[in-house]
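Now for the letters of each chain:
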Amino acid sequence: MTVPTASLPPGAAVGSERRDSRRRPPSRKDNKLAFLMLAPLVILLGIFVIWPMVYSAYLSFFDWSFYQESRFVGWKNFSNVLTDPQFRSSIVRSLVFALMVVPAILVISFLFASLVKAVGARLGTALKVAIYIPTVISGVITSVIFLLIYQYSGGVLNWFVGLFGMEPQAWIADVRTALPAIAAPAVWLGLGISALIMLAGLLDIPQSYYEAAELEGANWFQRTFYITIPLLKNIILYLLIAGFTAAIQQFELPLIMTNGGPLDSTLLPNLYLFNHFRTDTFVGTSIAGAFLLFIVLGSISAVIFRLLNSDKAVDG
Amino acid sequence: MRTIRRHVTGALTAAAAALLVAACGSGTPGQSADEEDAGEDGAVVLEMWQDKFSDADNAWYKEKVEAFNAAHDDVQIRLTVVPGDAWDQKMKAAQAAGTAPDLYTLNYSEVLPRARNGELAPIGDVIAADGWEDLEERFLDAVTEDGERYAYPMLYEPSSLLFYRADLFEAAGLDPDAPPESWDDLIAAAAALKAAHPDIVPFQTAQNGVELSWTTWGLQVNATGHLPISDDWSTSLASDDGYLALLETYQRLAEDGLIAPQALSPYGDAAPLGEGKLAMQASGSWAISQLLLDYPDMIDDLRVAPLPSLDGDLTKPTGTLGGWSLGVDAKSDHPEEAAQAISWLLAEDVDVVLDYFKDTNFTKFSPRISVAAAIAEEDTSVNPWLDVMTERVVPYQVLEPTYDWAVSLAFGTAMEKALQGQDIEEALTTADAEITKAITDLDLAARAGS
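Chains are numbered independently. Their residues run from 1 in the order of the written sequence. Each chain takes a letter, starting from A, and each ligand takes a number, starting from 1, following the order in which they are written. In keeping with the model being predicted, local features are shown solely for residues with a pLDDT of at least 70 and side-chain atom pairs are shown and tallied solely at 80 or more, while totals for entire chains, interfaces and linings include all residues. Heavy atoms throughout the structure, all of them, feed into the side-chain values; hydrogens and water do not.

A.B. asks: Which parts of the structure should I look at to understand the packing of helix H11 (residues 217-224) of chain B against helix H12 (residues 242-255) of chain B?
C.D. replies: How two helices sit against one another is set out by the angle between their axes and by the gap between those axes. All names here are of chain B. Fitted lines through C-alpha atoms give the axes, limited to the stretch in contact for helices. The angle between two N-to-C directions lies from 0 to 180 degrees. Secondary structure elements follow DSSP: runs of H or I no shorter than four residues count as helices, runs of E no shorter than two count as strands, and numbering proceeds from the N terminus. The contact between H11 and H12 brings their axes to 7 Å, and the two run at 130°. When the axes of H11 and H12 are compared, the pair comes out oblique. Viewed along their axes, H11 and H12 form a crossing whose handedness is right-handed. Contacts from Leu219, Gln220, Ala223 and Thr224 of H11 reach H12 at Gly242, Tyr243, Leu246 and Tyr250. The residue makeup of the contact of H11 with H12, split by class, is 5 nonpolar, 3 polar and no charged. Just so you know how the angles are binned, under 35 degrees is roughly parallel, over 145 roughly antiparallel, 65 to 115 roughly perpendicular, and the rest oblique. Helix crossings fall into two classes, left-handed where the near helix is turned counterclockwise from the far one by less than a right angle and right-handed where it is turned clockwise. Any two residues having at least one pair of non-hydrogen atoms within 4.5 Å are treated as being in contact. For this classification, Asp, Glu, Lys and Arg are treated as charged, while Ala, Val, Leu, Ile, Met, Phe, Trp, Tyr, Cys and Pro are nonpolar and the rest, including Gly, are polar.

A.B. asks: Explain the UniProt feature "transmembrane region" (unreviewed entry) in chain A to me, please; I cannot follow it from the model alone.
C.D. replies: Residue and element names in this part refer to chain A. UniProt positions are given in the numbering used here, feature names are shortened, and annotations may be inferred rather than shown by experiment. As recorded in UniProt, the feature "transmembrane region" (unreviewed entry) lies at residues 33-54, 95-117, 129-150, 182-203, 224-248 and 282-308. For residues 95-117, the end-to-end C-alpha separation is 32 Å, with 100% helix and 0% strand making up the annotated structure. Between the C-alpha atoms that bound residues 182-203 there is a distance of 32 Å. The span itself is 100% helix and 0% strand.

A.B. asks: Just to check I follow, could you spell out the interface of chain B and chain A for this structure?
C.D. replies: When the parts of a complex come together, some accessible area is lost, and that lost area is often taken as the interface size. Counting from both sides, the interface comprises 37 residues of chain B and, opposite them, 35 residues of chain A. Note: buried area is the sum, over both parts, of the accessible area (probe 1.4 Å) each one loses when the two are combined. Buried area between chain B and chain A, summed over both chains or domains, comes out near 3,200 Å², and the portion from carbon and sulfur atoms is 62%. Salt bridge criterion: a side-chain nitrogen from Lys or Arg within 4 Å of a carboxyl oxygen from Asp or Glu. Counting across the interface, chain B meets chain A through 0 salt bridges. What qualifies as a polar contact is a pair of N or O atoms within 3.5 Å, subject to a donor-acceptor requirement within protein and to the restriction that residues adjacent in sequence count only when both atoms come from side chains. Taken together, the links from chain B to chain A amount to 12 residue pairs in polar contact (both at pLDDT 80 or more). Broken down by secondary-structure element, the contributors of at least two residues to the side of chain B that touches chain A are helix H1 (2-23), helix H4 (84-97), helix H19 (405-419) and helix H20 (424-441) of chain B. With 7 residues, the top contributor of residues to the side of chain B that touches chain A is H4 of chain B. Here the side of chain B that touches chain A is built from residues that sort into 14 nonpolar, 9 polar and 14 charged.

A.B. asks: What exactly am I supposed to notice about the pairing of strand S11 (residues 320-328) of chain B here?
C.D. replies: A regular strand carries its side chains on alternate faces of the sheet. Residue and element names in this part refer to chain B. The rule is simple: take the accessible area with a 1.4 Å probe, protein chains only, and divide by the maximum for that residue type; under 20% is buried, over 50% is exposed, in between is partly exposed. When you tally the buried positions in S11, you get 9 out of 9 residues, the bulk of the element. In S11, alternate side chains face the same way, and those of Thr320, Gly322, Trp324, Leu326 and Val328 on one face and Leu321, Gly323, Ser325 and Gly327 on the other are all buried. Bridge count for strand S6 (residues 151-158) against S11 is 7 bridges, and the pairing is antiparallel. When the sheet's bridge partners are listed, Tyr152 is paired in S11 with Leu326. Two strands pair if DSSP finds at least two bridges between them. Across 2 bridges, S11 lies against strand S12 (residues 398-399) in parallel orientation. Bridge pairing links Leu321 to Leu399 in S12.

A.B. asks: Sorry, what's going on with the sheet that holds strand S9 (residues 278-283) of chain B here?
C.D. replies: The pairing of strands in a sheet comes from backbone hydrogen bonds and takes either a parallel or an antiparallel form. All names here are of chain B. Sheet architecture is open: 4 strands sit in the order S8-S9-S7-S10, paired in mixed fashion. With partners counted over all chains shown, the strands left at the sheet margins are strand S8 (201-204) and strand S10 (302-306), one partner each. Each strand axis lies, on average, 15° off the axis of its neighbour in the sheet, ignoring direction. Judged from the 5 bridges that link them, strand S7 (residues 161-165) and S10 form a sheet pairing that is antiparallel. Paired with Leu161 across the bridge in S10 is Pro306. Contacts from helix H14 (residues 286-294) reach S7, S9 and S10, with the element oriented near 30° to S7.

Here it is as C-alpha cells:
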C-alpha cells in the first residue's frame, strides 16, 4: 500500500530520511551471514547458469565439433546467423506467432476470470479446474492431440468443416494455415495459468471501488475500463512479458506438429537453433544464434516494460 | 561462532565440489563412469546404439547381440535402440558430454562426413582382410577415406520404388502390367485413377522439404545428370535449367489434385497403401517388408515397379541405394573390441548376416559377395518383387551423396515450393543462393572428399 505523501505532516518524509541516514550501517557479521545463506544458490547459479553462459560466449567464437581441435573464427558464427534469412525470418515469424497467441490468451483469460468471479463458489471451482487442465498436459501430448484434430484424412476438424460443406483442408501442410494451426494449441496450453493469475488479480481489487462506481451510475464497460483494467496493469504486464517470451521460445509444438514446415512457415527461433544443433558438423552457429535470440528476447521485454511502466498498485 | 561458520563454509564447499564431480562423471544417472566400462566379471562393456527400424530388423539386432554376449566372456555389448527422430539430438548431446556409444549404426551418407570430422575410429586393421575383400567395391568406397576404413557395410536398399494397386489400375482402364515409365505416364495414370476412384488418393510421394531433400537425390541426377553441387563442392549447380522439368512435374501433381494436399503418411510408411487409401505410392524397398508383414491380404493386388524417369528412360537413376553400416566412435575407450564386435556381427560368419535378410523377407541386399551368393541359394519367393529390384532398379541407382545436409535441404525446399504452387524459377534461384552460401559458410570445398 502506498501512503500518499500529502497525508503526512510537513517535513515528515525528510525527517524520515534523516533518521535513516543516522541509522547504523549493517554490521559486517550480518553481511557475512547473508552471503552464507545466499551461497548455495549463488554456487548453483554459477555452475549451471553463469559458467555455461560464459563458456558458451567463449565457444561462440570457435568452430567446435567435440572431435577436432577448436578453431577460432572470430565473429564468423554471428555473421553466418545474422546473414541467414532463415534466422531473420524465424525471429519475425515468432513475433507474428506471439501476436496471435498472447492477446488471445489475455482476452480469453480476462473473460474467463470475470465469469469465474461472477458465478457461485462451487461452479467457480469447477471452472478453475477445467481451465487449468491443459496446463498440466505436456506440450508433446497436446501436439499429438492437435495433430489428430488437424489430420487431412479422418481428422476431427475436417469432419467438422465438412458438415458445412467445406472441402477438407491441409491445416498444417498449407503455408497459409500452418502458423495459426500451431497457435491454437499454444493458446490452449497457456490459458490455464494466465486465467488463474488474472482471477487472482481481479479478486484483489476491492469491491468498494465497484460499489462506489455503481452508486455513481457507471455501467459494466466503464467499471471495466476505468477500474478493472487499470488495476490489473501489473498483472497484464507480467502476462505480456511471460507470454511473449514463452511464445517466441515455443519449441515443442512446431517440432512435433510440423517440424518447422511447410516451407519454414512454422520455423520458430528455438527450432531453428535446434535444427542447426542436431545437423551441423560444428555447433558454433547454434550457440551464436542462441545469444542473438537472448538479445532479442531481452529487447522485447525491455520495450514492453518501457511501454507499460510497471507501477506499484494504488490499491485500498 | 567462527568454528560454526567454518564448518558451514566447509560443508558448502564440499557440496559444490560434489556437484562438480558429479557433473564430470557418468552420463548415466546413478552410475559412475568406471561402472559403465566394466561388466560384472571385469568384462569390457561396449555401448551400442541402433536406430529403431522395423520389428524384424530390431529383433535381429537383439538376437545377434545376445548371441555375441553368450559367445564372449571378455566383451559384452549393451544394446540401446534409439528412435530415428531422437537420434541426432541424443547423439549430439552424448558427444558433447563425452558419452557417445562405442559403436553405432550409420547410414552411408553419414560415414565419410563423420570420418572427415574425426568422429569415427579407423577399423581397417581390426577386421580381417577377408572381410574387406568380400565387399562390393562401391560399398567399400562408401566407407573408405584416404585409404582408411571407417565402418563396415551391412545392407543396401533402393530408396525409390513405385508401388501401385493392380485392381484399381484395371478398374480405371489401365494395364497393370504396363506401369508408368515416365512422369508424364504417371500423371496420366494418376488422372485416370482419380476419375475412376474419387475416394482414393491417386498418388503419394515425399511432400515436405525434409523428405524431398533426400528422397529426390536420384531424380535430381535423373533431371540433369548431376547433383545440385559440383563434384568438388565448390560451385552450386542448382540453377541448371534441367531442374525446371523436375519441379514442374511435382507442381503439376499438386495443381491437378493428384496428390493429397497433406501426405497421408511419411515417405517411409506404406500403411495408407495397405489400408486401401492410396492407388500409387513412391517409397523405398523397406515398404515391401511392411506390406508383406502387416497387409498380407493386400499383396495380391499390389505391384512394384521402378520409379519413373523424367524422360521414360529407366536406365537412368531415379533413386539412391541407401543402407546401413556399423562404425566405432573415435573417442571409444575400447575401439579394438568395438571393431571386433562389428566384425563378428557383420564380417565373419555368413549365417549371422544371412538371418537378417531372411528375417526381413529378402527386401534388402547384402554388400558382401558371399552373403549375396548365399541369398541366391535361398528360396526368396516370399518377396514377389525381388527380381524387379535386382534386375530393373538396383543396377541403375546411385549411392547417397555425402555433402552437408544444408545443400540437400536447400534443394528440397525448392521442391516443396513447387508443390506449394510458388514460382519455380525463383525457387531454384533461391536454392542456388542458399547452396552458394552453404559452400562459403561451411567451407565445403575444403571439406570435399578425396
